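A look at the structure
Below, each chain spelled out in residue letters.
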Number of protein chains: 2
Amino acid sequence: MVQAQTLSRNQQIVLDIIEKAKGPLKAYSILFNVQKKGINAPQQIYRALDKLIEMGKIHKIESKNAFVACRNSDCEISKATAFSICESCEMVDEISDAKLSKYLSSFNHKKGMKFKRFNLEFFGLCKKCK
Amino acid sequence: MVQAQTLSRNQQIVLDIIEKAKGPLKAYSILFNVQKKGINAPQQIYRALDKLIEMGKIHKIESKNAFVACRNSDCEISKATAFSICESCEMVDEISDAKLSKYLSSFNHKKGMKFKRFNLEFFGLCKKCK
DNA sequence: TAACGTTTGTTATAATATAACATATTTGAG
DNA sequence: CTCAAATATGTTATATTATAACAAACGTTA
Ligand SMILES: [Zn+2]
Ligand SMILES: [Zn+2]
Ligand SMILES: [Zn+2]
Ligand SMILES: [Zn+2]
């Protein structure tokens, strides 16, 4: 079972950094940023990241191997994620669109596979970079 | 401009391996499989992979850091990809669904971003593993 | 308190990917 | 054809991302 609310020390430290960041953060960049707080090893970062993902507090942007805070309170614990990603400035924005989410959650593959989860990444140029 | 048809030697070798495979292949597993053909270094694999992706001959499964052959002749040069992925047996199947593709290709983000490309990964259990 | 699950700390290593540079091959404009 | 440009190759080294394995501490709660 996944913790409901309380975060452990390291989990809180990692989450704080990710939430404060303006864009996606990479694991080792998080590591370098928390060495002053006594976290020294990648394992400590990756363990915190894993738990935070399970809890739906953060998401991994697979195409970038980077992590963002969930800005979407009704995001169903990372079961249905969608992002828009700027190919120029690296900006990532979590898409919260009920229709899209419903459409994809009820999508059924012809070959009889029932999906439990999806992740969708859109790429383009953001307003600034256009 | 991207090559239309002809593949270079290394590109052909790498593509052959990926097309023959039953599931997604990782870069280093490709490397180990082609060392008898005189390819010795990761660079040679990654360069071939990059070109094959540009050409739309293969796709990268981002959540697995692995590569599959495109089975979808009308797949618009990797601009609109969707996959179903079994969480148990690792099977990957490229989804070719005109409606889904159209729906996502015409999806417009509220925040004014126009998308050039998307990648969608569905996760679940395939028929065998269910 | 005793037992259990979870978190932490730590060292080492595995797996994935790119940099940089030299050479070779292919292609196409003139 | 010929030379220049673009593309592809070979090679060594290194950067980046992620996990294994083990020991110790902490926080339940029965
Ligand atoms: Zn979310
Ligand atoms: Zn941008
Ligand atoms: Zn395809
Ligand atoms: Zn399966």
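Refer to the preceding data block for the structure.
Described in the following lines is the structure provided in the data block. Note that the structure is a prediction, hence the values are computed from the model and not measured.

Scoring rules and cut-offs
Residues numbered from 1 in each chain as written. Chains lettered and ligands numbered in written order. Predicted model: local features only at pLDDT ≥ 70, side-chain atom pairs only at ≥ 80, totals over all residues. Heavy atoms only, no water. Contact = heavy atoms within 4.5 Å. Buried area = accessible area lost by both parts, 1.4 Å probe. Salt bridge = Lys/Arg side-chain N within 4 Å of Asp/Glu carboxyl O. Polar contact = N/O pair within 3.5 Å; in protein donor to acceptor, adjacent residues only side chain to side chain. Helix = DSSP H or I, 4+ residues; strand = E, 2+ residues; numbered from the N terminus. Nonpolar A, V, L, I, M, F, W, Y, C, P; charged D, E, K, R; others polar. Pairing = 2+ DSSP bridges. Near = heavy atom within 4 Å. Phe/Tyr/Trp six-rings, centres within 6.5 Å; stacked < 30°, edge-to-face > 60°. Buried < 20%, exposed > 50% of the residue type's maximum accessible area, 1.4 Å probe, protein only. Least-squares fit on C-alpha atoms with pLDDT ≥ 70 in both.

1. As for the interface of chain B and chain A
Tallying the contact residues gives 36 residues for chain B and 36 residues for chain A. Between chain B and chain A, roughly 3300 Å² of surface is buried when both sides are summed, and carbon and sulfur atoms account for 58% of that area. Among the residues chain B hides against chain A, the three largest losses belong to B:Met113, B:Phe122 and B:Phe123. Together they make up 18% of the total. Taken together, chain B and chain A are joined by six salt bridges. With a closest N to O distance of 3.2 Å, A:Asp93 and B:Lys111 form a salt bridge. Taken together, the connections running from chain B to chain A amount to eleven residue pairs in polar contact (both at pLDDT 80 or more). If you list the elements that add at least two residues to the side of chain B that touches chain A, you get strand S3 (80-86), helix H4 (98-105) and strand S5 (114-125) of chain B. By residue number, the principal contributor to the side of chain B that touches chain A is S5(B), which donates twelve residues. Residues that form the side of chain B that touches chain A fall into these classes: 16 nonpolar, seven polar and 13 charged. Across eleven bridges, the pairing between strand S5 (residues 114-125) of chain A and S5(B) is antiparallel.

2. A few points about the protein's contact with DNA strand D
Lining the immediate surroundings of DNA strand D are 18 residues, of which A:Lys26, A:Gln43, A:Lys60, B:Gln44 and B:Arg47 lie closest. Among atoms of DNA strand D positioned within 4 Å of the protein, sugar and phosphate together represent 40%. Here a phosphate oxygen of DNA strand D sits 2.4 Å away from a polar atom, N or O, in the side chain of A:Lys26. Contact between DNA strand D and B:Asn40: a phosphate oxygen at 3.2 Å from a side-chain N or O atom of the residue. Contributions of two or more residues to the surface near DNA strand D are made by helix H3 (42-54) of chain A together with helix H1 (9-20) and helix H3 (42-54) of chain B. The greatest single-element share of the surface near DNA strand D, amounting to four residues, is contributed by H3(B).

3. Digging into the environment of A:Lys36
Within the fold, A:Lys36 resides in the loop between helix H2 (27-34) and H3. With 67 residues separating them along the chain, A:Lys36 and A:Tyr103 place their C-alpha atoms 45 Å apart.

4. Quick notes on the packing of aromatic side chains
Counted under the stated rule, the structure contains 13 aromatic pairs over all chains. Geometrically, the ring pair formed by B:Phe107 and B:Phe115 is stacked, given 6.4 Å between the ring centres and 5° between the ring planes. Here B:Phe115 falls in the buried class, since its relative accessible area comes to 10%. What links up through ring pairs into an aromatic cluster is the set A:Phe107, A:Phe115, A:Phe118 and B:Phe122.

5. Topic: the relation of the copies chain B and chain A
Superposition of the two copies of the chain requires a rotation about an axis and a shift along the axis. Superposition record for chain B on chain A: RMSD 0.0 Å, screw rotation 180°, translation along axis 0.0 Å. In symmetry terms, the pair is related by a two-fold rotation axis. Closest approach to the rotation axis within chain B is made by the C-alpha atom of B:Leu120, at a distance of 2.2 Å. Same-surface contact between copies: 100% of interface residues of chain B are shared with the interface of chain A.

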